[in-house]
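One letter stands for each residue in the lines below.
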Amino acid sequence: MMTEIVHGKGFLAEVVRTDRRKTATVKVQEGKVSVVVPKSTSMNTVEELVSSKTRWIREKLQLQREYQPPKPKEYVSGECFTYLGRNYRLKVESGSVKAVKLVNGRLSVQVPVSVHQRDRYVQAALVEWYRDHALEKLQEKVERYAKVVGVSPSSVNIKTFSGRWGSCSSKGHIQFNWKVIIAPNRIVDYVVVHELCHLHEHNHSPEYWRCVERVLPDYRECREWLKENGDTLEV
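Remember, it's a predicted structure, so these values are computed and weren't measured experimentally. (Residues numbered from 1 in each chain as written. Predicted model: local features only at pLDDT ≥ 70, side-chain atom pairs only at ≥ 80, totals over all residues. Heavy atoms only, no water.)

A. Structural view of the overall build of the protein. Along its length, the protein carries 6 helices and 11 strands. Seen through its principal axes, the protein has C-alpha atoms that stretch 70 × 45 × 30 Å. For the protein, with 235 residues in total, the buried portion stands at 39%. Across the protein, contacts joining residues at least 24 apart in sequence account for 44% of those joining residues at least 6 apart. Carbon and sulfur atoms make up 47% of the accessible area of the protein, which totals about 14500 Å². Across the protein, the mean location of the 38 positive side-chain charges is 1 Å away from that of the 28 negative side-chain charges. (Helix = DSSP H or I, 4+ residues; strand = E, 2+ residues; numbered from the N terminus. Buried < 20%, exposed > 50% of the residue type's maximum accessible area, 1.4 Å probe, protein only. Contact = heavy atoms within 4.5 Å. Areas by Shrake-Rupley, 256 points an atom, 1.4 Å probe, with all protein chains shown as cover. Lys, Arg positive; Asp, Glu negative; His and termini not counted. Charge placed at Lys NZ, Arg CZ, Asp CG, Glu CD.)

B. Broad picture of a negative patch on the surface. Negative charge collects at one region of the surface, where Asp132, Glu136, Glu140 and Glu143 lie side by side. Here glutamate 136 shows up in helix α3 (residues 118-149). Its relative accessible area of 43% is what places glutamate 136 among the partly exposed residues. (Patch = residues over 30% accessible without salt bridge, like charges linked within 9 Å, V, L, I, M, F, W, Y side chains within 5 Å. Salt bridge = Lys/Arg side-chain N within 4 Å of Asp/Glu carboxyl O.)

C. Geometry of the pattern of salt bridges. Under the definition given, this model contains 12 salt bridges. As a salt-bridge pair, aspartate 19 and lysine 39 come within 3.7 Å of each other at their nearest N and O atoms. Here lysine 39 lies in the loop between β4 (32-38) and α1 (43-52) and aspartate 19 lies in the loop between β2 (12-18) and β3 (25-29), a separation of 20 residues in the sequence. Of the two residues examined, aspartate 19 and lysine 39, each falls in the exposed class. Linking arginine 210 and glutamate 207 is a salt bridge whose minimum nitrogen-to-oxygen distance equals 3.1 Å.

D. Focus on unusual backbone geometry. Despite not being glycine, glutamate 30 has its phi angle at roughly 50°, a positive value. Its place among the elements puts glutamate 30 in the loop between β3 and β4. Taking relative accessible area as the criterion, glutamate 30 reaches 79% and is therefore assigned exposed. With phi around 50°, asparagine 104 is a residue other than glycine that occupies positive phi space. Among the structural elements, asparagine 104 can be located in the loop between β7 (99-103) and β8 (106-111). For asparagine 104, a relative accessible area of 77% gives the class exposed.

E. Representation of the sheet that holds strand β6 (residues 86-94) in the model. With mixed pairing, the 4 strands of this open sheet are ordered in space as β5-β6-β8-β7. The open sheet has two edge strands, β5 (80-83) and β7, and neither has a second partner. Averaged over all neighbouring strand pairs, the angle between strand axes comes to 35°, with direction disregarded. Bridge analysis of β5 against β6 gives 4 bridges, and the strand direction is antiparallel. When the sheet's bridge partners are listed, cysteine 80 is paired in β6 with arginine 89. Across the sheet, α3 lies against β5, β6, β7 and β8, angled at about 125° from β8, the strand it touches most. (Pairing = 2+ DSSP bridges. Axes fitted to C-alpha atoms, helices over the stretch in contact; angles between N-to-C directions.)

F. Seen up close, the nonpolar core. In this structure, Leu126, Tyr130, Tyr190 and Leu196 are the most contacted members of the largest nonpolar core, which totals 54 residues. With 12 residues, the single largest contributor to this core is α3. Counting residues in each nonpolar core, the second largest holds 13 residues, with Val26, Val33, Val37 and Val46 among its members. (Core = buried A, V, L, I, M, F, W, Y, C linked by side-chain atoms within 4.5 Å.)

G. Just the packing of helix α4 (residues 185-197) against helix α5 (residues 206-215), in detail. In the contact formed by α4 and α5, the axes pass within 9 Å of each other and the chain directions differ by 140°. In terms of orientation, α4 and α5 fall into the oblique class. α4 and α5 meet at a crossing whose hand is right-handed. Residue-level inspection shows Tyr190, Val193, His194 and Cys197 of α4 in contact with α5, the latter providing Tyr208, Trp209, Cys211, Val212 and Val215. Taken together, the residues of the contact of α4 with α5 break down into 8 nonpolar, 1 polar and no charged. (Parallel < 35°, antiparallel > 145°, perpendicular 65-115°, else oblique. Left-handed = near helix turned anticlockwise from the far one by under 90°. Nonpolar A, V, L, I, M, F, W, Y, C, P; charged D, E, K, R; others polar.)

H. Spatial organisation of the environment of isoleucine 181. Assignment of secondary structure puts isoleucine 181 in the loop between β11 (173-177) and α4. Overall, the relative accessible area of 0% leaves isoleucine 181 in the buried class. Leaving out residues up to four positions away in the same chain, isoleucine 181 has contacts with Tyr83, Leu84, Tyr130, His133, Ala134, Lys137 and Val188.

So yeah, pure geometry; function would need other evidence.
Structure representation (C-alpha coordinates):
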(Lines give C-alpha, C1' and ligand atoms only; values in the text may rest on other atoms or scores of the structure.)
Protein backbone atom coordinates (compact mmCIF):
# COMPACT_ATOMS: atom_id res chain seq x y z
CA MET A 1 0.00 0.00 0.00
CA MET A 2 1.40 3.40 -1.01
CA THR A 3 2.18 5.79 1.84
CA GLU A 4 0.33 9.10 1.55
CA ILE A 5 2.47 12.16 2.23
CA VAL A 6 1.48 15.79 2.68
CA HIS A 7 4.17 18.36 1.86
CA GLY A 8 4.14 21.06 4.52
CA LYS A 9 6.27 24.18 4.74
CA GLY A 10 9.61 22.71 5.74
CA PHE A 11 8.33 19.27 6.74
CA LEU A 12 6.59 16.15 5.46
CA ALA A 13 3.52 14.66 7.14
CA GLU A 14 2.55 11.01 6.82
CA VAL A 15 -1.18 10.28 6.55
CA VAL A 16 -2.42 7.40 8.70
CA ARG A 17 -5.95 6.22 7.93
CA THR A 18 -7.93 4.19 10.46
CA ASP A 19 -11.45 2.96 11.21
CA ARG A 20 -10.90 3.60 14.91
CA ARG A 21 -11.17 7.39 14.76
CA LYS A 22 -14.04 9.73 13.99
CA THR A 23 -11.93 12.88 14.11
CA ALA A 24 -8.54 13.90 12.72
CA THR A 25 -5.46 14.63 14.79
CA VAL A 26 -1.92 15.79 14.08
CA LYS A 27 1.00 14.23 15.97
CA VAL A 28 4.63 15.33 16.19
CA GLN A 29 6.76 12.62 17.76
CA GLU A 30 10.53 12.08 17.61
CA GLY A 31 10.86 14.65 14.84
CA LYS A 32 8.22 13.06 12.62
CA VAL A 33 4.79 14.43 11.69
CA SER A 34 1.75 12.22 11.19
CA VAL A 35 -1.91 12.97 10.53
CA VAL A 36 -4.29 10.32 11.87
CA VAL A 37 -7.66 10.51 10.12
CA PRO A 38 -10.78 8.40 9.48
CA LYS A 39 -10.41 6.30 6.34
CA SER A 40 -12.93 8.32 4.35
CA THR A 41 -11.19 11.67 4.87
CA SER A 42 -10.29 13.37 1.57
CA MET A 43 -6.73 14.50 0.87
CA ASN A 44 -7.97 18.08 0.46
CA THR A 45 -9.26 17.98 4.03
CA VAL A 46 -5.97 16.51 5.26
CA GLU A 47 -3.96 19.18 3.46
CA GLU A 48 -6.15 21.94 4.89
CA LEU A 49 -5.67 20.53 8.38
CA VAL A 50 -1.89 20.39 7.99
CA SER A 51 -1.87 23.92 6.57
CA SER A 52 -3.88 25.25 9.53
CA LYS A 53 -1.49 23.54 11.97
CA THR A 54 1.73 24.60 10.21
CA ARG A 55 2.90 27.03 12.89
CA TRP A 56 2.19 24.57 15.71
CA ILE A 57 3.95 21.74 13.83
CA ARG A 58 7.06 23.81 13.15
CA GLU A 59 7.24 24.90 16.80
CA LYS A 60 6.97 21.28 17.98
CA LEU A 61 9.65 20.13 15.54
CA GLN A 62 11.96 22.92 16.70
CA LEU A 63 11.42 22.07 20.36
CA GLN A 64 12.13 18.41 19.70
CA ARG A 65 15.33 19.25 17.84
CA GLU A 66 16.50 21.40 20.74
CA TYR A 67 15.42 19.04 23.49
CA GLN A 68 18.19 17.60 25.63
CA PRO A 69 17.37 14.90 28.18
CA PRO A 70 17.97 16.08 31.76
CA LYS A 71 21.27 14.99 33.25
CA PRO A 72 21.12 12.27 35.90
CA LYS A 73 20.94 13.73 39.40
CA GLU A 74 23.97 13.44 41.67
CA TYR A 75 22.08 14.61 44.80
CA VAL A 76 24.71 17.16 45.79
CA SER A 77 24.43 20.74 46.98
CA GLY A 78 23.62 23.22 44.25
CA GLU A 79 21.45 20.92 42.14
CA CYS A 80 17.99 22.11 41.19
CA PHE A 81 14.80 20.33 42.27
CA THR A 82 11.28 21.39 41.36
CA TYR A 83 8.23 21.45 43.59
CA LEU A 84 4.84 22.72 42.33
CA GLY A 85 6.57 24.23 39.32
CA ARG A 86 9.13 26.26 41.27
CA ASN A 87 12.84 25.48 41.32
CA TYR A 88 14.79 25.10 44.55
CA ARG A 89 18.49 24.57 45.11
CA LEU A 90 19.49 21.50 47.07
CA LYS A 91 21.59 21.95 50.20
CA VAL A 92 23.09 18.78 51.66
CA GLU A 93 24.46 19.17 55.19
CA SER A 94 25.51 16.95 58.05
CA GLY A 95 23.03 16.37 60.86
CA SER A 96 22.19 13.90 63.56
CA VAL A 97 18.83 12.87 62.08
CA LYS A 98 17.29 12.50 58.63
CA ALA A 99 15.41 15.68 57.84
CA VAL A 100 14.26 17.52 54.72
CA LYS A 101 13.11 21.13 54.93
CA LEU A 102 12.12 23.80 52.45
CA VAL A 103 13.65 26.95 53.92
CA ASN A 104 14.55 30.32 52.36
CA GLY A 105 14.21 29.01 48.82
CA ARG A 106 16.41 25.99 49.45
CA LEU A 107 15.62 22.32 49.83
CA SER A 108 17.77 21.30 52.77
CA VAL A 109 18.60 17.65 53.49
CA GLN A 110 20.41 16.60 56.66
CA VAL A 111 22.54 13.49 56.38
CA PRO A 112 24.15 11.70 59.37
CA VAL A 113 27.95 11.67 59.11
CA SER A 114 28.06 7.87 59.39
CA VAL A 115 25.95 7.31 56.27
CA HIS A 116 27.55 5.53 53.33
CA GLN A 117 26.36 6.21 49.76
CA ARG A 118 25.18 9.71 50.58
CA ASP A 119 23.61 10.16 47.13
CA ARG A 120 21.21 7.27 47.65
CA TYR A 121 20.41 8.48 51.15
CA VAL A 122 19.63 11.98 49.89
CA GLN A 123 17.50 10.62 47.05
CA ALA A 124 15.49 8.40 49.41
CA ALA A 125 14.99 11.31 51.82
CA LEU A 126 13.79 13.58 49.00
CA VAL A 127 11.38 10.96 47.63
CA GLU A 128 9.88 10.51 51.10
CA TRP A 129 9.50 14.30 51.44
CA TYR A 130 7.86 14.63 48.01
CA ARG A 131 5.48 11.76 48.71
CA ASP A 132 4.40 13.23 52.06
CA HIS A 133 3.79 16.65 50.54
CA ALA A 134 2.06 15.16 47.51
CA LEU A 135 -0.48 13.36 49.68
CA GLU A 136 -1.15 16.48 51.73
CA LYS A 137 -1.50 18.83 48.74
CA LEU A 138 -3.55 16.41 46.63
CA GLN A 139 -5.98 15.74 49.47
CA GLU A 140 -6.41 19.52 49.90
CA LYS A 141 -7.06 20.01 46.19
CA VAL A 142 -9.48 17.07 46.02
CA GLU A 143 -11.47 18.50 48.92
CA ARG A 144 -11.67 21.89 47.20
CA TYR A 145 -12.47 20.69 43.68
CA ALA A 146 -14.84 17.90 44.75
CA LYS A 147 -17.28 20.62 45.84
CA VAL A 148 -17.02 22.29 42.44
CA VAL A 149 -17.42 19.06 40.49
CA GLY A 150 -20.19 17.90 42.81
CA VAL A 151 -18.76 14.53 43.85
CA SER A 152 -17.60 12.77 47.01
CA PRO A 153 -14.65 10.40 46.52
CA SER A 154 -14.38 7.46 48.89
CA SER A 155 -10.64 7.86 49.46
CA VAL A 156 -7.58 9.70 48.16
CA ASN A 157 -4.10 8.17 48.12
CA ILE A 158 -0.82 8.35 46.25
CA LYS A 159 1.05 5.70 44.31
CA THR A 160 4.00 5.30 41.96
CA PHE A 161 2.42 4.85 38.54
CA SER A 162 4.17 4.13 35.29
CA GLY A 163 2.85 6.19 32.39
CA ARG A 164 -0.20 7.66 34.11
CA TRP A 165 -1.01 10.39 36.59
CA GLY A 166 -4.02 9.02 38.39
CA SER A 167 -6.77 6.44 38.59
CA CYS A 168 -10.36 6.37 39.79
CA SER A 169 -12.16 3.14 40.65
CA SER A 170 -15.86 2.52 40.17
CA LYS A 171 -16.16 2.66 43.97
CA GLY A 172 -14.76 6.18 44.12
CA HIS A 173 -11.22 5.40 45.28
CA ILE A 174 -8.80 7.89 43.73
CA GLN A 175 -5.04 7.42 43.50
CA PHE A 176 -2.50 9.90 42.14
CA ASN A 177 1.02 9.55 40.91
CA TRP A 178 2.96 11.43 43.59
CA LYS A 179 5.39 12.79 40.97
CA VAL A 180 2.72 15.15 39.65
CA ILE A 181 3.50 17.39 42.64
CA ILE A 182 6.67 18.42 40.79
CA ALA A 183 4.54 20.06 38.08
CA PRO A 184 3.11 23.61 38.22
CA ASN A 185 0.04 24.14 40.40
CA ARG A 186 -2.33 24.45 37.44
CA ILE A 187 -1.21 21.08 36.08
CA VAL A 188 -1.82 19.45 39.46
CA ASP A 189 -5.29 21.02 39.48
CA TYR A 190 -5.96 19.49 36.06
CA VAL A 191 -4.96 16.00 37.19
CA VAL A 192 -7.20 16.32 40.26
CA VAL A 193 -10.20 17.53 38.23
CA HIS A 194 -9.53 14.84 35.62
CA GLU A 195 -9.96 12.08 38.18
CA LEU A 196 -12.87 13.72 40.02
CA CYS A 197 -14.86 14.01 36.78
CA HIS A 198 -14.51 10.26 36.37
CA LEU A 199 -16.90 9.95 39.30
CA HIS A 200 -19.53 11.40 36.95
CA GLU A 201 -18.37 9.68 33.77
CA HIS A 202 -16.12 6.64 34.08
CA ASN A 203 -14.86 7.09 30.51
CA HIS A 204 -13.47 9.77 28.19
CA SER A 205 -16.70 10.58 26.38
CA PRO A 206 -17.60 14.09 25.14
CA GLU A 207 -19.75 14.52 28.25
CA TYR A 208 -16.77 13.64 30.43
CA TRP A 209 -14.59 16.29 28.77
CA ARG A 210 -17.39 18.84 29.14
CA CYS A 211 -17.30 18.12 32.87
CA VAL A 212 -13.56 18.84 32.93
CA GLU A 213 -13.95 21.97 30.80
CA ARG A 214 -16.65 23.41 33.07
CA VAL A 215 -14.12 23.48 35.88
CA LEU A 216 -10.92 24.12 33.89
CA PRO A 217 -11.60 25.86 30.57
CA ASP A 218 -7.88 25.62 29.73
CA TYR A 219 -7.64 21.87 30.36
CA ARG A 220 -6.35 21.24 26.81
CA GLU A 221 -3.25 23.31 27.50
CA CYS A 222 -2.71 21.45 30.77
CA ARG A 223 -3.09 18.09 29.06
CA GLU A 224 -0.64 19.15 26.35
CA TRP A 225 1.85 20.33 29.00
CA LEU A 226 1.79 16.90 30.62
CA LYS A 227 2.32 15.17 27.29
CA GLU A 228 5.30 17.39 26.56
CA ASN A 229 6.87 17.48 30.03
CA GLY A 230 5.61 14.45 31.93
CA ASP A 231 8.81 12.47 31.51
CA THR A 232 10.81 15.25 33.19
CA LEU A 233 8.91 14.99 36.48
CA GLU A 234 11.50 13.02 38.38
CA VAL A 235 13.27 13.31 41.71
